[in-house]
Amino acid sequence: MQKQELKQGINDSIPIILGYLPLGLAFGVLANEVGMSIIQATMMSTLCFTGAGQYIAIGVMQAGGAVFTIILANVLVNLRYFLFSTSLVPYLKGRVPTVIGTFLSYGLTDETYAVAMNRYQDHAPTASYMAGLNLSSHIGWITSTLLGAILGSFIGNTERLGLGFALPAMYICLLVFMIKRNSDVFVALSSALFCLLIGYLVPSTMENLFNIIIATIIAASLGVLISERD
Amino acid sequence: MSETSIWIMIIGVSLVSILPRILPVALFSRYEFPKPLKRWLSFVAPAVLGALTALSVLAPDGDINISIHNRYIWAFIPTLLVAIKTRSLFYSLLVGILTMALLYNFV
C-alpha cells in the first residue's frame, strides 16, 4: 500500500463525489417513492454502482414493468464499460496485479474512468491510487443514496446550488486535459456529433446509452484512419 | 413489485453491471494487445469524453435540448474557457457550479 498514491486517489475522487451527491440523493428519494426500503435502496447502490441503470430500474418499477425488463435494460446500459475496461488493460498490465485490478474495476464508472485515464497519461497506475479513487467514489454514491432514502422529501431542490453542473464541468475539464494530439480533437468532436445524431435518430439509445458505444467505436476507428496519414 | 422481486432485481442488475467492468481486466491482462488495437484503444478515452460532454451539456435531462433556454449550454462556455486557461479541475468545477447556480436563481 502506497500512502501517497492512496491519498491522491481519494483527493481526485472529491469532484466526483460532489457530482454524485445530488444524483445519489435523488436516487434515494425516488427509490423510496417506488416502494424500496432504505436498506434496499442502499444495497442497490452498494451492489450496483450504475447511476443510469439504477434510474432506469426506478422508471420501469414506476411504470409497473417486470424485473426482466430492468435487467435487460441494464445489460445494454452497462455494456459500454466492457469497452472502457478493455481500454484500461494496457495501462494496468504489469503495474496492478490482475486479481486486485479485477476487484477494483468494480468501481469503474464514467467519472472514475475519465479521472483515472487522465492520471495515467503521465503517472503509472497503482493499486493504491485505484483503490483510493474507486472506493471513495463508491462510498460517496452509497452515502448519498442512504441520505436520500432517509431524508426523502425533506431534501430541497439541489439544482439551486448549481451542483447539477458538477459532472458536466468535470467532463469538460477532463476532455481538455485528455486532448494531446490533433487527432484527439477530431475524435472527441466526431464522437460528440455521432452520439447526438444516433440519439436523435434512435431515441431509445438516449436511455440505454448505446449511442455512446456506437459513437466511440466509429470515432476511435476514424481516429486510427486519419492519424495513419501523419 | 414484491419484496422478493426487488431483491432479485437488485442481484440481477448487480451481476450485469459488474461483469462488463471486471471481465476485460480479469481475462485480457495476460495478453499483449497487437499494436493496431492498442492504437484504436488509445482513442477510446477522448471519444468517450467527447460523447459524455455532448450528452451532459446538450441533453441534460435525457432529451436533446439545443436552445438558448438550456442553461447547461451557457454554463459550458465559461467552464471550457477556464479549463483551457487554468488547466485546473478545481477552478473549472468552481466556475461551472457557480455559473449554474447564478443562472438557476437569477435568470
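Each value, and the rule that gives it
- Residues numbered from 1 in each chain as written.
- Chains lettered and ligands numbered in written order.
- Predicted model: local features only at pLDDT ≥ 70, side-chain atom pairs only at ≥ 80, totals over all residues.
- Heavy atoms only, no water.
- Helix = DSSP H or I, 4+ residues; strand = E, 2+ residues; numbered from the N terminus.
- Buried < 20%, exposed > 50% of the residue type's maximum accessible area, 1.4 Å probe, protein only.
- Contact = heavy atoms within 4.5 Å.
- Domains from an automatic or database assignment.
- Buried area = accessible area lost by both parts, 1.4 Å probe.
- Salt bridge = Lys/Arg side-chain N within 4 Å of Asp/Glu carboxyl O.
- Polar contact = N/O pair within 3.5 Å; in protein donor to acceptor, adjacent residues only side chain to side chain.
- Nonpolar A, V, L, I, M, F, W, Y, C, P; charged D, E, K, R; others polar.

**Some details on the environment of Tyr91 of chain B**
Residues and elements named next belong to chain B.
Alright, step 1. Structurally, Tyr91 can be placed in helix 5 (residues 89-106).
Alright, step 2. Judged by relative accessible area, which is 44%, Tyr91 ranks as partly exposed.
Alright, step 3. Sequence separation between Tyr91 and Leu80 is eleven residues, and the spatial gap between their C-alpha atoms is 11 Å.
Alright, step 4. Residues in contact with Tyr91, not counting those within four places in the same chain, are Val82 and Thr86.

**Description of the domain arrangement of chain A**
Residue and element names in this part refer to chain A.
Alright, step 1. Along its sequence, chain A is organised into domain 1 (3-178) and domain 2 (179-230).
Alright, step 2. Just the C-alpha atoms count here: the centres of domain 1 and domain 2 sit 23 Å apart.
Alright, step 3. Each side of the interface is counted separately: domain 1 has twelve residues, and domain 2 has twelve residues.
Alright, step 4. Between domain 1 and domain 2 lies a buried interface of about 980 Å² when both sides are counted; carbon and sulfur atoms form 69% of it.
Alright, step 5. Taken as a group, Leu76, Arg80 and Leu83 account for 42% of the area that domain 1 buries against domain 2, more than any other trio of residues on that side.
Alright, step 6. At the junction of domain 1 and domain 2, the tally comes to zero salt bridges.
Alright, step 7. Run the count over domain 1 and domain 2 and you get four residue pairs in polar contact (both at pLDDT 80 or more).
Alright, step 8. Going through the elements one at a time, helix 3 (51-62), helix 4 (67-78), helix 5 (80-92) and helix 9 (166-178) are the ones with two or more residues in the side of domain 1 that touches domain 2.
Alright, step 9. Sorting elements by how many residues they give to the side of domain 1 that touches domain 2 places helix 9 first, with four residues.
Alright, step 10. For the side of domain 1 that touches domain 2, the class distribution of residues is ten nonpolar, one polar and one charged.

**Description of the side chain of Ser45 of chain A**
Residue and element names in this part refer to chain A.
Alright, step 1. Structurally, the position occupied by Ser45 is in helix 2 (residues 38-47).
Alright, step 2. Engagement of the side chain of Ser45 in a polar contact is seen with the side chain of Gln54, the distance being 3.0 Å.
Alright, step 3. A distance of 3.3 Å separates a polar atom in the side chain of Ser45 from a polar atom in the side chain of Trp141.
Alright, step 4. The contact partners of Ser45, leaving out residues within four places of it in the chain, are Phe27, Gln54, His138, Trp141, Ile142 and Thr145.

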